[in-house]
Amino acid sequence: MNERLHSVLAQRGIPPESLAEVCEVDPKTVSRWLGGRVPHARHRFRVARHLRVEELFLWPAPERSVRQQAAGSEQELVTTYQNRASVPRDTWLSLLKGAQEQISVLVFSGTFFAQSNPHVAKMLAERASEGVRVRLCFGDSNGQAAAIRGQEEGIGDTLAAKIRASLTYYRPLLSEAGCEVRLHDTTLYTSMFRYDNNLLANPHVWGQPASANPILHLRRADTAGWFDNYAQSFEAVWATARPWTPDQEGPSSHGQD
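In this text the structure is predicted, and so the values were computed from the model without any measurement.

## Thoughts on unusual backbone geometry
- For Glu24, which is not glycine, the phi torsion reads 55° and is therefore positive.
- Here Glu24 is to be found in the loop between α2 (16-23) and α3 (27-34).
- A positive phi angle is found at Arg52, which is not glycine, with a value near 60°.
- Counting through the fold element by element, Arg52 comes out in the loop between α4 (41-51) and α5 (55-58).

Okay, here's the thing in structure tokens:
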């Protein structure tokens, strides 16, 4: 059974019959997809586009040998940085400006993303106007994941406050076509910044802020590897995240954010 396809359909409130219409196939064919059969490439593309998720999230690439995985990873790794501050500002800007298809960000607060570039919201809106799909996924300030992360870093409710402060930069994007902002309540092992086939992955070390941890610059290769694994994890978190509604945000009634 394709649990991911089942899950996305349920979360979107989309009946399987609609996939049959979109792909121009018999409903029984969709039932077989839900049962685990892998559709033809053209149908996978249509389904992923209709559900607004990555195709590789719904149908992950088959397992490869250890040797193949190692070779693919070497091809994908562009460079590494000791910490987030070591990434040149020009790198962030050039990747953002050069995106043609999608910009996907997964963080808790991502405060630096706006503070290091005061015009980031305007730039994201401009990319969206050119047809780039912009997806920003922040931590839920009232969620358990943010509360636990704040405790682990020894900063208590400060992380929740940082999330709320960071979100204020992106309020103008809510009215922009092609831009989506969601909130997640998941254990975040890695912050991610994807620009088409380039991805900056910021792994988290327990008890340390993300800014103090290394960054891997990955570029997607022809074969599935690190890049696709990270991309799939983004899609999994995005699928369970809720749309950001500013009017409902604020400190929780229990005093713990």
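## Side note on the environment of Tyr170
- Mapped onto the secondary structure, Tyr170 falls in the loop between α11 (158-167) and β4 (179-184).
- Relative accessible area serves as the criterion here: at 0%, Tyr170 is assigned to the buried category.
- Here the alpha-carbon distance between Tyr170 and Val120, two residues 50 residues apart in the chain, equals 8.6 Å.
- For Tyr170, the residues in contact, after removing those within four places along its chain, are Gly110, Phe113, Ala114, Val120, Leu124, Leu136, Phe138 and Trp244.

## Remarks on the sheet that holds strand β1 (residues 77-81)
- Taking strand neighbours across the sheet as the criterion, the 8 strands line up as β1-β7-β6-β5-β2-β3-β4-β8 in an open arrangement whose pairing is mixed. The open sheet has two edge strands with one neighbour each: β1 and β8 (242-243).
- Note: strand β5 (residues 190-195) against strand β6 (residues 198-203), 6 bridges, orientation antiparallel. Within β6, the residue paired with Tyr195 across the bridge is Asn198.
- Relative to the sheet, helix α9 (residues 120-129) contacts β2 (102-106), β3 (133-139) and β4, its axis offset from that of β3 by approximately 140°.

Parameters at a glance
- Residues numbered from 1 in each chain as written.
- Predicted model: local features only at pLDDT ≥ 70, side-chain atom pairs only at ≥ 80, totals over all residues.
- Heavy atoms only, no water.
- Helix = DSSP H or I, 4+ residues; strand = E, 2+ residues; numbered from the N terminus.
- Buried < 20%, exposed > 50% of the residue type's maximum accessible area, 1.4 Å probe, protein only.
- Contact = heavy atoms within 4.5 Å.
- Pairing = 2+ DSSP bridges.
- Axes fitted to C-alpha atoms, helices over the stretch in contact; angles between N-to-C directions.

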